[in-house]
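# Observations on chain architecture
Below are the chains, spelled out letter by letter.
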Amino acid sequence: MSEPVPLSGRRRVTPEQIVDAAAALFAREGYHAVGTRDIADELGIRGASLYHHYRSKEEILAAICRRVTAEPVEETLPLLDDAGTPGSRLAALVRAHLHHLVRRRVEFLVGLQELAALSPEHRAEVEEHRRHYQRRVRDTVAAGVRSGEFAVDDPGLAALALLDAVNGTARWLRPEGPRSPDAVADVYVRLLVDGLLGRDVPDGG
């Protein structure tokens, strides 16, 4: 990871701080209305200091998008390799995915809105992370169908429906809102893993 760039005096700015500031600005103003100078001003640094970490505004947008595509692949998908049934593993993934969305809500909404602004190379990278994630969820649903735990005809479509439903919470779920992420996760596990996929849960399970 790159070394932090001094702000003024002993203050420093990290790549993560640059991405945080840019995501907030893009969400508020729109990607095309924000320049690198605006990001630098938000951080209190010279515009040239940004280029120590990112060569362009588009590279910053790509870093934002990686937070909601590469991060889930690295942090959430390993839950599908844990011990347990396909249903228990998918339930764990739904909970972790939802909590990741709460943590990265701004980045998710920016990536959704500004995907077309990415270069073809970065867009392809983002789409490959998404496809890989969807394939792993689909394969886990299919494993549950084979074992008799799930009752769906099309595991691929079921996986898309499950992920679309969880991703939709990013539009309204906030940590400070009336519904806690844990409570929403409980409901979504019942609706999606038990309901949509038809998981037969024993009493007390």
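Residues numbered from 1 in each chain as written. Predicted model: local features only at pLDDT ≥ 70, side-chain atom pairs only at ≥ 80, totals over all residues. Heavy atoms only, no water.

### Some words on the UniProt feature "DNA-binding region" (unreviewed entry) in the protein
According to UniProt, the feature "DNA-binding region" (unreviewed entry) maps to residues 35-54 in the numbering used here. Overall, residues 35-54 shows 60% helix and 0% strand. The separation of its end C-alpha atoms is 13 Å. (UniProt positions renumbered as here; feature names shortened; annotations may be inferred. Helix = DSSP H or I, 4+ residues; strand = E, 2+ residues; numbered from the N terminus.)

### Focus: the pattern of salt bridges
For the coordinates displayed, the defined rule picks out 15 salt bridges. With a shortest N-O distance of 3.1 Å, glutamate 128 and arginine 135 are connected by a salt bridge. Glutamate 128 gets classed as partly exposed once you look at its relative accessible area, which sits at 35%. Look at the salt bridges and you will find they share partners, linking Asp20, Arg67, Glu71, Glu75, Arg103, Arg104 and Glu107 into a network. (Salt bridge = Lys/Arg side-chain N within 4 Å of Asp/Glu carboxyl O. Buried < 20%, exposed > 50% of the residue type's maximum accessible area, 1.4 Å probe, protein only.)

### Observations concerning the layout of surface pockets
Roughly 350 Å³ of volume is contained in the largest pocket. Around the largest pocket sit 17 residues that line it, and His97, Phe108, Arg130, Gln134 and Asn167 are the ones nearest its centre. Where the lining of the largest pocket is concerned, the elements lending two or more residues are α5 (70-75), α6 (86-103), α7 (105-114), α8 (120-147) and α9 (155-167). Class assignment of the residues belonging to the lining of the largest pocket gives a composition of nine nonpolar, six polar and two charged. (1 Å grid on protein atoms, 1.4 Å probe; cavity = no way out; pocket = protein on both sides within 12 Å on 5 of 7 lines; lining within 4 Å. Points joined across faces, edges and corners; volume = space filled by probe spheres on them. Nonpolar A, V, L, I, M, F, W, Y, C, P; charged D, E, K, R; others polar.)

### Quick look at the UniProt feature "domain: HTH tetR-type" (unreviewed entry) in the protein
Using the residue numbers shown here, the UniProt feature "domain: HTH tetR-type" (unreviewed entry) corresponds to residues 12-72. The span residues 12-72 carries 67% helix and 3% strand; its end-to-end C-alpha distance comes to 28 Å.

### Looking at the packing of α8 against α9
Contact pair α8 / α9: the axes reach a minimum separation of 8 Å and the direction vectors enclose 120°. Between α8 and α9, the angle falls in the class oblique. Here the hand of the crossing between α8 and α9 comes out right-handed. Residue-level contacts link Tyr133, Gln134, Val137, Arg138, Val141, Ala142 and Val145 of α8 to Pro155, Gly156, Ala158, Ala159, Leu160 and Leu163 of α9. Split into classes, the residues belonging to the contact of α8 with α9 amount to ten nonpolar, two polar and one charged. (Axes fitted to C-alpha atoms, helices over the stretch in contact; angles between N-to-C directions. Parallel < 35°, antiparallel > 145°, perpendicular 65-115°, else oblique. Left-handed = near helix turned anticlockwise from the far one by under 90°. Contact = heavy atoms within 4.5 Å.)

### Overview of helix α4 (residues 57-67)
Counting buried positions along α4 gives ten out of eleven residues, so the element sits mostly inside the fold. The secondary structure elements touched by the buried residues of α4 are α1 (15-29), α2 (36-43), α5, α6, α7 and α8.

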